[in-house]
Amino acid sequence: MTTMLRPPTRPGPAARRPDPRRARGNPLTTVSPASRLLVLAVMALFAVYFLLPVWWLVVSATKGRGEIFAGNGFWFGRHFALVENVQTLFQAQGGIYGRWLLNSLLYAVGGGIVSTLLAAMCGYALAKFPFPGREAVFGTVLAAVLLPAPVLAVPLYLLFSYTGTVNTFWAVFVPSVVSPFGVYLSRIYAASSIPDALIESGRLDGAGELRIFALCARLMAPAMVTVFLFQFVAIWTNFLLPSLMLADTRLQPVTVGLVGWRELQGYPISYTTVVTGALVSVVPVVAMFVSLQSFWSKGLVTGAVK
């Protein structure tokens, strides 16, 4: 009895498994409309919360003398007096406000440049030079980032008082050149953006370490601009340290000077002049951020990814 050979049967089509590599849907389309509406409402609420004081400052600086406390505080007055208020501001007390602005620029720009250079050098060394205790030094820098600045105000005052440099330019400038956050960001950026082959090739060509760092600093430009902006804003808005160190009004920055005018209770310097001075003092900070926006955003993104 012969057995007939049957041709091998083909296996049926296997069940298709979902490809794990398949691109997921856009989160903006998968989220329900109610959730998106809630998120937008919360974001709008926070935006109003932060922008409302700025709007009040702009509106109040355009009002004439005596109108700042009259009528609606969040809308313009009967007369647009911004130009007259700015003129009065720079003429008050012999033009002392212009001197305060110049002092703030010297402290902020000079301190920002020096602190950025020192932070870049320290971060570059921590990232590219292996030496004993490197991680301990970096841990100390991280601890300094978490240390509040007001904690150091009184010790710094005692130190500068012992050296006889209180009420001088250096009493505010020297503490401003230290930026632990700048060292932290510079190390992260140097470790991710500067290849070791570039440093080795420079050494093989006979270049010194300073020359190699000057070349690598071009690659660290976004991080350096970010450090400069953060340090610029920190020095510009600093109040406690210069108020402790400086008794001479011609050495004070604009923050301390405006608070001194505010304590006069509206005479002989009016509240409108103080508000106008606060508005003018914000202009350099906004201009600095707008002009260097592309650089500092790149530096922040690199630090966050790392």
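That block above? That's the structure.
Notes on the structure follow. (Residues numbered from 1 in each chain as written. Predicted model: local features only at pLDDT ≥ 70, side-chain atom pairs only at ≥ 80, totals over all residues. Heavy atoms only, no water.)

## Here we look at the overall build of the protein chain
Looking only at helices and strands, the protein chain has 15 helices and 0 strands in total. By the burial criterion, 33% of the 306 residues in the protein chain qualify as buried. If you take every contact in the protein chain between residues at least 6 apart in sequence, the share linking residues at least 24 apart comes to 72%. Put simply, the protein chain shows about 19600 Å² of open surface, and 69% of that area lies on carbon and sulfur atoms. (Helix = DSSP H or I, 4+ residues; strand = E, 2+ residues; numbered from the N terminus. Buried < 20%, exposed > 50% of the residue type's maximum accessible area, 1.4 Å probe, protein only. Contact = heavy atoms within 4.5 Å. Areas by Shrake-Rupley, 256 points an atom, 1.4 Å probe, with all protein chains shown as cover.)

## Some details on the nonpolar core
Residues Y97, F232, W236, M245, V254 and W261 are the most contacted members of the largest nonpolar core, which totals 29 residues. Counting only elements with at least two residues in this core, the list comes to helix 4 (96–128), helix 7 (170–176), helix 11 (221–236), helix 12 (240–245), helix 13 (254–262) and helix 14 (271–291). Once you skip the residues sitting within four places of it in the chain, V254 turns out to touch Y97, W100, L101, S104, W236 and S281. (Core = buried A, V, L, I, M, F, W, Y, C linked by side-chain atoms within 4.5 Å.)

## Concerning the side chain of N103
Locating N103 in the fold gives a position in helix 4. If sequence neighbours within four positions are ignored, N103 has contacts with R250, L251, Q252 and P253.

## Topic: the packing of helix 10 (residues 209–219) against helix 11
In the contact formed by helix 10 and helix 11, the axes pass within 5 Å of each other and the chain directions differ by 80°. Compared by their axis directions, helix 10 and helix 11 come out roughly perpendicular. For the pair helix 10 and helix 11, contact is made by A217, R218 and L219 and by A221, P222 and M224, respectively. Of the residues contributing to the contact of helix 10 with helix 11, the split by class is 5 nonpolar, no polar and 1 charged. (Axes fitted to C-alpha atoms, helices over the stretch in contact; angles between N-to-C directions. Parallel < 35°, antiparallel > 145°, perpendicular 65-115°, else oblique. Nonpolar A, V, L, I, M, F, W, Y, C, P; charged D, E, K, R; others polar.)

## A few points about the packing of aromatic side chains
In this description, an aromatic ring pair is defined by two values, namely the gap between the centres and the angle between the planes. If you walk through the whole model with that rule in mind, you get 19 aromatic pairs. Measuring from ring centre to ring centre gives 6.1 Å for F138 and Y184, while their planes differ by 25°; the resulting arrangement is stacked. Of the two residues, F138 sits in helix 5 (residues 134–145) while Y184 sits in helix 8 (residues 180–193), which places them 46 residues apart along the sequence. Aromatic ring contacts, followed pair by pair, group F90, Y97, W100 and W261 into a single cluster. (Phe/Tyr/Trp six-rings, centres within 6.5 Å; stacked < 30°, edge-to-face > 60°.)

## Here we look at the side chain of T272
Structurally, T272 is set in helix 14. In contact with T272, not counting residues within four places along its chain, are S60, K63, G64, R65, I68 and N85.

## Quick notes on the environment of L146
Residue placement: L146 occurs in the loop between helix 5 and helix 6 (153–163). Residue classification places L146 among the exposed residues on the basis of a relative accessible area of 72%. When the C-alpha atoms of L146 and F181 are compared, they prove to be 9.2 Å apart, with 35 residues separating the residues in sequence.

## As for helix 14
Taking 1.5 Å of rise per residue, 21 residues should cover 30 Å, and helix 14 covers 31 Å from first to last C-alpha, within 8% of that figure. Listing the buried residues of helix 14 in full gives T272, T273, V274, V275, T276, G277, L279, V280, S281, V285 and M288. Buried residues along helix 14 sit against helix 2 (33–61), helix 3 (82–91), helix 4, helix 11 and helix 13. (Expected span 1.5 Å × (residues − 1).)

## Side note on the packing of helix 8 against helix 11
Close contact between helix 8 and helix 11 brings their axes to 9 Å; oriented N to C, the two are set at 170°. If you check the angle between helix 8 and helix 11, you find them roughly antiparallel. For the crossing formed where helix 8 meets helix 11, the hand is right-handed. Touching F181, G182, L185, S186 and Y189 of helix 8 are P222, A223, T226, V227 and F230, all from helix 11. Split by residue class, the contact of helix 8 with helix 11 holds 7 nonpolar, 3 polar and no charged. (Left-handed = near helix turned anticlockwise from the far one by under 90°.)

## Focus on the environment of Q87
Position of Q87 relative to the elements: it lies in helix 3. Sequence separation between Q87 and T273 is 186 residues; the distance between their C-alpha atoms is 9.5 Å.

## Considerations on the pattern of salt bridges
Across all of its chains, the model carries 6 salt bridges by this definition. Here R187 makes a salt bridge to E135, at a shortest N to O gap of 3.2 Å. Note that R187 is positioned in helix 8 and E135 in helix 5, a separation of 52 residues in sequence. Look at R187 and you get buried, because its relative accessible area is 14%. Put simply, E209 and R203 hold a salt bridge, and the shortest N to O gap is 3.1 Å. We classify E209 as partly exposed; its relative accessible area is 36%. Salt bridges sharing common partners tie together R134, E135 and R187. (Salt bridge = Lys/Arg side-chain N within 4 Å of Asp/Glu carboxyl O.)

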